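# Structural overview for review
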Amino acid sequence: MMVAIIDYDAGNLKSVQKAFQKLGVPTVITRDFQTILHADRVVLPGVGSFGTAMEQLKKYELDKVIREVAEQKQPLLGICLGLQLLFEGSEESGGVEGLSILDGSILRIPDAEGLKIPHIGWNSLSLRADGRLFRDIADQSYVYFVHSYYLCAKEEQIVKASTEYGVTIHASVEWENVAACQFHPEKSSAVGLKILENFMTM
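The following refers to the structure shown. Being a predicted model, the structure only gives us computed values, none of them experimental.

### Digging into the environment of Ala161
- Relative to the assigned elements, Ala161 resides in strand S10 (residues 159–164).
- With relative accessibility at 0%, the residue Ala161 sits in the buried group.
- In this structure, the C-alpha to C-alpha distance between Ala161 and Leu133, residues 28 residues apart in sequence, is 9.7 Å.
- Beyond its immediate sequence surroundings of up to four residues, Ala161 is in contact with Leu125, Ser126, Leu127, Arg128, Phe134, Ile169, His170, Ala171 and Ser172.

Here it is in structure tokens:
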């Protein structure tokens, strides 16, 4: 069972790899098309800005391979910026088209008294009953976030976890073979490792 972690110079790749290593799962950090397309699972991590990330994906033509992974029904996990890139675009980078694999808007977290942006730290998740990533995970479990923009999914049924930070944030989505988390499972302790373990059985 091999996990391909997509390398487009915009990811926290090593910490994601280390988390899978803790689970005993072989990984490869790569931008090679055939390696990605023949992997059992594919992870799209990411930190940084939406526009720069899309530029990097296109530079390496990885936007094409990610769409192919989605079409081939290979299990695909987006993490943090990787979640946002799966949608059509982001307020952070007006006019830049995302991968458009899922439908929804990426919006800036609104300013509110007492709330710091970026949102950095641990927040609890309100879980929906049918999230495959959250099997055997308790409702209101805490996970680690670092972000200034958040997802508002177009279709409520793809949302499997949400959190509150001045606004309701769609924190995790699943649709067929595609799953994504706004938070960082690789930095979310035992809960995060369980999420990655559940991804391996999707």
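### Observations concerning the nonpolar core
- Counting residues in hydrophobic clusters, the biggest one holds 35 residues, and the most contacted among them are Tyr8, Leu44, Leu57, Leu85, Leu86, Phe87 and Val173.
- Elements supplying a minimum of two residues to this core: strand S1 (3–6), helix H2 (33–37), strand S3 (41–44), helix H3 (50–59), helix H4 (62–71), helix H5 (81–85), strand S9 (149–153) and strand S12 (178–181).
- If you look at the next biggest cluster of nonpolar residues, it comprises 27 residues, including Val16, Leu77, Ala171 and Met200.

### Remarks on the sheet that holds strand S2 (residues 27–30)
- Spatially, S2-S1-S3-S4-S12-S11-S10-S7 is the arrangement adopted by the eight strands of the open sheet, whose pairing is mixed. Every interior strand has two partners, whereas the edge strands, S2 and strand S7 (126–127), have only one.
- Sheet analysis places S7 next to S10, joined by two bridges and oriented antiparallel. Residue Leu127 lies in a different strand from S10, and its bridge partner there is Ala161.

### Looking at the pattern of salt bridges
- All told, the structure shown has 10 salt bridges when counted by the stated rule.
- Its salt-bridge partner being Lys160, residue Asp130 comes within 2.9 Å of it at the nearest N-O pair. Of this pair, Asp130 sits in the loop between S7 and strand S8 (142–147) while Lys160 sits in strand S10, placing them 30 residues apart in sequence.
- Put simply, Asp7, Asp9 and Arg31 are held in one network by salt bridges that share partners.

### Quick notes on the state of the cysteines
- This model, assessed by the stated rule, comprises zero disulfides.
- Here Cys80 stays unpaired: no disulfide links it, and the sulfur of Cys181, its closest cysteine neighbor, is 10 Å away.

### Topic: the side chain of Gln84
- When you line up the elements, Gln84 lands in helix H5.
- For Gln84, a relative accessible area of 5% gives the class buried.
- A distance of 3.0 Å separates a polar atom in the side chain of Gln84 from a polar atom in the side chain of Gln182.
- Residue contacts for Gln84: discarding those within four places in its chain leaves Phe50, Ile106, Tyr149, Tyr150 and Gln182.

So, how was this worked out
- Residues numbered from 1 in each chain as written.
- Predicted model: local features only at pLDDT ≥ 70, side-chain atom pairs only at ≥ 80, totals over all residues.
- Heavy atoms only, no water.
- Helix = DSSP H or I, 4+ residues; strand = E, 2+ residues; numbered from the N terminus.
- Buried < 20%, exposed > 50% of the residue type's maximum accessible area, 1.4 Å probe, protein only.
- Contact = heavy atoms within 4.5 Å.
- Core = buried A, V, L, I, M, F, W, Y, C linked by side-chain atoms within 4.5 Å.
- Pairing = 2+ DSSP bridges.
- Salt bridge = Lys/Arg side-chain N within 4 Å of Asp/Glu carboxyl O.
- Disulfide = S-S within 2.5 Å.
- Polar contact = N/O pair within 3.5 Å; in protein donor to acceptor, adjacent residues only side chain to side chain.

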